[in-house]
Amino acid sequence: KKNLTSSIILVMMLLITPCVSAQTYRQIKGWSKEVNDRLEDFLNSTITMKIRKVAVFDGDGTVMGQVPHYLADEALYRYADKYYKGKNDKVSKEKMAILNRMVKDGNNVGKAYVEDRVHFLAGMTPAEIMDMGYECYLDSYQGKFYPEMKQLIANLKEYGFEVWILTASPEFLYQKFLAEELGLPDTQILGVKSVVANGRLTDEIIMPIPQDDGKANVIPTFIKARPLIVGGNSRGD
């Protein structure tokens, strides 16, 4: 009878004990033991936090390689070669003029250059832009994602983090392939936004532009949480 009573008490204790899921850090191959230990300590320190746990990373050069070009630029030039180059209609001339202006500018981290990418895409549907980026990814960038960053993102998700990608490239251009490659919702891929009217992208850019100071301002504007970890690779981040 005593054993039966003890068993009943034990079962009751198990039933009323809050369920705590084990969160396991997986070593990131290619990074030193010191870095892995520091990351594991950091992630374990967040287990009891009762807040939105947010991590924010840049895209080009941070989660994936950008050599010799940014995917955003390569996708636009490939599309122009296929549909606009050598044609004399009004739209083709306007689109080629935008690309020529971008080449002359040459500062692919400047706000004017970043805005011109949107001007080039204006008039297209979001689906067409997503496919443009996805096709360029399949042809030239599928093998350029850093495995260490993918492992880091997997660890962050294991510990209950929302992982966001914040790029200065056009949002629709990057959402499809980044969401697929990194296993993230496309709504957590943020880039340069512009108004969609009647199903097509317009020239009307939605502020802030995620470049330089604007990149920091996007976080409270759209993510609405203070991140616990951020990462980038350039002064524009």
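What counts as what
- Residues numbered from 1 in each chain as written.
- Predicted model: local features only at pLDDT ≥ 70, side-chain atom pairs only at ≥ 80, totals over all residues.
- Heavy atoms only, no water.
- Helix = DSSP H or I, 4+ residues; strand = E, 2+ residues; numbered from the N terminus.
- Rg over C-alpha atoms; globule rule 2.2 N^0.38 Å.
- Buried < 20%, exposed > 50% of the residue type's maximum accessible area, 1.4 Å probe, protein only.
- Contact = heavy atoms within 4.5 Å.
- Areas by Shrake-Rupley, 256 points an atom, 1.4 Å probe, with all protein chains shown as cover.
- Lys, Arg positive; Asp, Glu negative; His and termini not counted.
- Charge placed at Lys NZ, Arg CZ, Asp CG, Glu CD.
- Core = buried A, V, L, I, M, F, W, Y, C linked by side-chain atoms within 4.5 Å.
- Salt bridge = Lys/Arg side-chain N within 4 Å of Asp/Glu carboxyl O.
- Pairing = 2+ DSSP bridges.
- Expected span 1.5 Å × (residues − 1).
- Axes fitted to C-alpha atoms, helices over the stretch in contact; angles between N-to-C directions.
- pLDDT = per-residue confidence, 0-100.
- Polar contact = N/O pair within 3.5 Å; in protein donor to acceptor, adjacent residues only side chain to side chain.
- Phe/Tyr/Trp six-rings, centres within 6.5 Å; stacked < 30°, edge-to-face > 60°.
- Lys NZ or Arg CZ within 6 Å of the ring centre and 35° of its normal.

1. Description of the overall build of the chain
And then number 1: Looking only at helices and strands, one finds nine helices and five strands in the chain.
And then number 2: Tracing the chain from N to C terminus, the helices and strands come up as α-α-β-α-α-α-α-α-β-α-β-β-α-β.
And then number 3: The globule rule puts the C-alpha radius of gyration for 237 residues at 18 Å, and the 23 Å found for the chain is more than 25% above it.
And then number 4: With respect to the three principal axes, the spread of C-alpha positions in the chain is 95 × 40 × 30 Å.
And then number 5: Scored against the burial criterion, the 237 residues of the chain give a buried share of 44%.
And then number 6: When contacts within the chain are restricted to residue pairs at least 6 apart in sequence, long-range pairs at least 24 apart make up 72% of them.
And then number 7: For the chain, the accessible area works out to roughly 13,000 Å², and carbon and sulfur atoms hold 57% of it.
And then number 8: Taking the average place of the 30 positive charges on the side chains of the chain and the average place of its 30 negative ones, the gap between the two points comes to 5 Å.

2. Structural notes on the nonpolar core
And then number 1: By size, the foremost hydrophobic cluster in this structure holds 54 residues, and its most contacted members are F57, V63 and L178.
And then number 2: With seven residues, helix 6 (residues 126-141) is the largest single contributor of residues to this core.

3. Considerations on the pattern of salt bridges
And then number 1: Here the structure, examined in full by the defined rule, presents 14 salt bridges.
And then number 2: Across the pair R26 and E158 runs a salt bridge whose closest N-O atoms are separated by 3.8 Å. One end of the pair, R26, is in the loop between helix 1 (2-16) and helix 2 (33-45); the other, E158, is in helix 7 (residues 147-158), and 132 residues separate them in sequence.
And then number 3: The salt bridge involving K215 is made with D58; its shortest N-O contact spans 3.1 Å. Of this pair, K215 sits in helix 9 (residues 213-223) while D58 sits in the loop between strand 1 (54-57) and helix 3 (71-83); the two residues are 157 residues apart in sequence, bridging distant segments of the chain.

4. Regarding the pairing of strand 2 (residues 162-170)
And then number 1: By the criterion of burial, strand 2 is predominantly enclosed, with eight of the nine residues buried.
And then number 2: Inspection of the sheet shows strand 1 paired to strand 2 by four bridges, in the parallel sense. Within strand 2, the position partnered with V54 by the bridge is E162.
And then number 3: As defined by bridge partners, strand 2 adjoins strand 3 (residues 189-197) across three bridges and the pair is classed as parallel. Bridge assignment links P170 to a residue of strand 3, and that residue is V192.

5. Points about helix 3
And then number 1: With 13 residues, helix 3 ought to run about 18 Å at 1.5 Å a step, and its terminal C-alpha atoms sit 18 Å apart, in line with that.
And then number 2: On the buried face of helix 3, the contacting elements are helix 4 (90-105), helix 5 (111-121), helix 6, strand 2 and helix 8 (171-182).

6. Looking at the sheet that holds strand 1
And then number 1: Taken together, five strands build an open sheet; the order of strands is 4-3-2-1-5 and the sheet is mixed. Of all the strands in the sheet, the pair left with one neighbour each is strand 4 (200-206) and strand 5 (229-231). Pairwise comparison of adjacent strand axes, ignoring direction, gives a mean angle of 40° for this sheet.
And then number 2: Bridge count between strand 3 and strand 4: four bridges; the pairing is antiparallel. Among the inter-strand pairings, V196 is bridged to a residue of strand 4, identified as L201.

7. Quick notes on the confidence of the model for the chain
And then number 1: Summarising the model, the chain shows a mean pLDDT of 91, and 91% of its residues fall at 70 or more.
And then number 2: Within the chain, helix 1 has the poorest average pLDDT of any element, 55, and strand 1 the best, 98.

8. Points about the side chain of Q175
And then number 1: Summarising the element assignment, Q175 is placed in helix 8.
And then number 2: According to the relative accessible area criterion, Q175 is buried, its value standing at 7%.
And then number 3: Among the polar contacts listed, one links the side chain of Q175 to the backbone oxygen of I189, at a separation of 3.2 Å.
And then number 4: Not counting the four nearest positions on each side in its chain, Q175 is found in contact with M130, D186 and I189.

9. Digging into helix 5
And then number 1: Within the sequence span of helix 5, burial applies to Y113, V114, D116, R117, V118, F120 and L121.
And then number 2: Those residues of helix 5 that are buried are in contact with helix 3, helix 4, helix 6, strand 2, strand 3 and strand 4.
And then number 3: A positive phi of about 100° marks G123, the residue just after helix 5.

10. As for the packing of aromatic side chains
And then number 1: In total, this model carries eight aromatic pairs according to the counting rule given.
And then number 2: An angle of 55° between the planes, with centres 5.1 Å apart, marks the rings of Y174 and F177 as tilted. A residue pair is termed a helical-turn pair when its members lie 3 or 4 positions apart in one helix, as Y174 and F177 do in helix 8 at three residues.
And then number 3: Owing to a relative accessible area of 0%, F177 belongs among the buried residues under this scheme.
And then number 4: In textbook terms, an aromatic cluster arises when at least three aromatic residues are bridged by ring pairs, as seen for Y134, Y137, F145, Y174 and F177.
And then number 5: Seen from the ring of F120, K95 lies directly overhead, with NZ or CZ sitting 5.9 Å from the centre.
And then number 6: Positioned above the aromatic ring of Y70, the side-chain terminus of R117 is 5.9 Å from the ring centre.

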